[in-house]
Each structure stands twice: as structure tokens, then as C-alpha cells.
Amino acid sequence: MKFFVDTAEVSDIRALAEAGLVDGVTTNPSLIAKSGRNMAEVIREICSITPGPVSAEVTATDFDTMLAEGRYLRDLAPNVAVKVPLTEAGLRTCRALANEGTPVNVTLCFSAAQALLAAKAGAAFISPFVGRLDDISTDGMTLIADIVQIYRNYPQLKTEVLVASVRHPMHLVQAAKLGAHVATLPPGVIRQLLKHPLTDSGLAAFLADWKKTGQSIL
Ligand code: E4P
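What counts and how
- Each chain carries its own residue numbering, running from 1 in the direction its sequence is written.
- Reporting of local features is limited, given that this is a predicted model, to residues whose pLDDT is at least 70; pairs of side-chain atoms are given and counted only at 80 or more, and all residues count toward the totals for whole chains, interfaces and linings.
- For the side-chain quantities, the full set of heavy atoms in the structure was used; hydrogens and water were omitted.
- Under the scheme used here, helices are H or I runs from DSSP no shorter than 4 residues and strands are E runs no shorter than 2 residues, and both carry numbers assigned from the N terminus.
- For this analysis, residues touch if any pair of their heavy atoms sits within 4.5 Å.
- Surface exposure here means Shrake-Rupley accessible area, sampled with a 1.4 Å probe, where a residue is shielded only by the protein chains that are shown.
- Axis definition: a line fitted to C-alpha atoms, limited for helices to the stretch in contact. Angles are taken between N-to-C directions and run from 0 to 180 degrees.
- Angular relationships are summarised with four words: roughly parallel below 35 degrees, roughly antiparallel beyond 145, roughly perpendicular across 65 to 115, and oblique for the angles in between.
- By the definition used in this description, the sense in which the near helix is turned from the far one sets the handedness, with an anticlockwise turn below a right angle giving left-handed and a clockwise turn giving right-handed.
- DSSP calls a pair of strands paired once it identifies at least 2 bridges connecting them.

Of regular secondary structure, the protein chain possesses 11 helices and eight strands. For the protein chain, the spread of C-alpha atoms along the three principal axes comes to 70 × 35 × 30 Å. Within the protein chain, contacts between residues at least 6 apart in sequence are counted, and of these 57% link residues at least 24 apart. Summed over its atoms, the accessible surface of the protein chain is roughly 11100 Å², and 58% of this surface lies on carbon and sulfur atoms.

Right under this line is the structure:
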């Protein structure tokens, strides 16, 4: 399973990349706003940290402007994946960019039917939002299971399932068990994955015993 980092904070991406945990990055307009930085500048910098796909999202809602924005974003760096919303204009843009060889991440997916349309439009990635479904008392993981099953039924569909709106470690574990290709994780969730109380107590005990020996390795 590939791990993308869901942030526009360069320091987090750099640290996680050094640990080998970054296969790509996803951003959205809210994450760019949170970073307080110029979009083109931050996307170029992120693209220089990871060779994997870096999703940069269009903000227009009509086809012509969306396509122009998508081409602009694609030209920022060779590893940009253009992110478009799951609307009719978004799917037209997806098909046009895919025909030009640009990978497209279709975002704001909340149903299996939408995911099927995105695959037909040539999306490289479909981003179903599990956390936002859970927020409205609908099981986000059922959607992942449905999309994975549907895509498996049609091997000619090459779209990867990119689990988004991940809020906690169990989202990741469940998505991995279902065979989703990618999960995009906020840095905080990646750090939560590390944590286990038995790791902490075990390490404390080893260090206490080591201290008693009076030795040092170096
Ligand atoms: C990433 O592609 C999505 O934009 C992001 O995961 C949404 O997460 P949120 O629902 O926590 O805002």
C-alpha cells in the first residue's frame, strides 16, 4: 500500500520522507490556505522533496477554466497530479488531461457510482472521503469496499483507490485490509501509527537495565 501525506506543510513532508514514509503528497485548497504560502511556490517545493505524485487542486468550477488551471498546475513540476472535483466539468477536465498524459486525482467522491464514472473518465486516482462520511453517520469503509470490488471486477480500469479524509489509524488498517491502493494520511495520523504503549514501556525497561551495566556503545 502506498502512503501519501495529506498536507502542504513542507517540514512535515521532509521529515516523513527521510523515514521513507512518503510515496506522494495530496493537497487541497484548505491545506494550501492553512500553510499560508503561495500555491505555486509550495507545490514546486513539495515536488522537489518527493518524486511521487503531488496532487494540486484546481479551484475553477467551469470546464474551460478548470482545464486551463489543470494545465498550469501540471507545468509546475513533472510529478504534479491535477486534482479535480467530482462534477461533470471535473470529469470532462479529467478526460482531457488524461488524454494529454497528465495524471488526474478525482476528489470529493462519496459514492461507488461516482467512483465508476471517474474511472471511465480516465482518473489515475479516485479519492473517496471516509472521515467525512463517518461524520454524517455513514460508514466510509463500506464505500472503500464497494469501490475496490467494482474496480477489481473490471481490470481494464486502471484507477487507483486513494483513501482520503483519514482521521485515525483504524481507517488505515481497514483500508489496507480491503486492498485499497493508497491512503493519504495527515502527518498526525502517521505519527499515531507509530505509537504503542508496550513499545514505550519496553524501551524504558531496556534503557533502565542498560544503565545498570555502566556501559556505553560508543
Ligand atoms: C485529500 O485528498 C483530501 O482533500 C483530504 O483527505 C480531506 O480530508 P478532510 O476531510 O479531513 O478535510
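Next up on the list: the packing of helix α8 (residues 140–153) against helix α9 (residues 169–178). Close contact between α8 and α9 brings their axes to 10 Å; oriented N to C, the two are set at 20 degrees. The angle between α8 and α9 falls in the class roughly parallel. Taken as a pair, α8 and α9 cross one another with a handedness that is right-handed. The segment α8 lies against α9, with Met-141, Ile-144, Ala-145, Val-148 and Arg-152 engaging His-171, Gln-174, Ala-175 and Leu-178.

Another point: the sheet that holds strand β8 (residues 182–185). Read around the closed barrel, the eight strands follow the order β1-β2-β3-β4-β5-β6-β7-β8; overall the barrel is parallel. Mean inter-strand twist for the sheet, computed between neighbouring axes without regard to direction, equals 30 degrees. The pairing of strand β4 (residues 80–85) with strand β5 (residues 104–109) spans four bridges and is classified as parallel. The partner of Pro-85 across the bridge, within β5, is Thr-107. Each of β5 and β6 (125–128) is contacted by helix α6 (residues 112–120), which is oriented at about 165 degrees to β5, the strand it contacts most.

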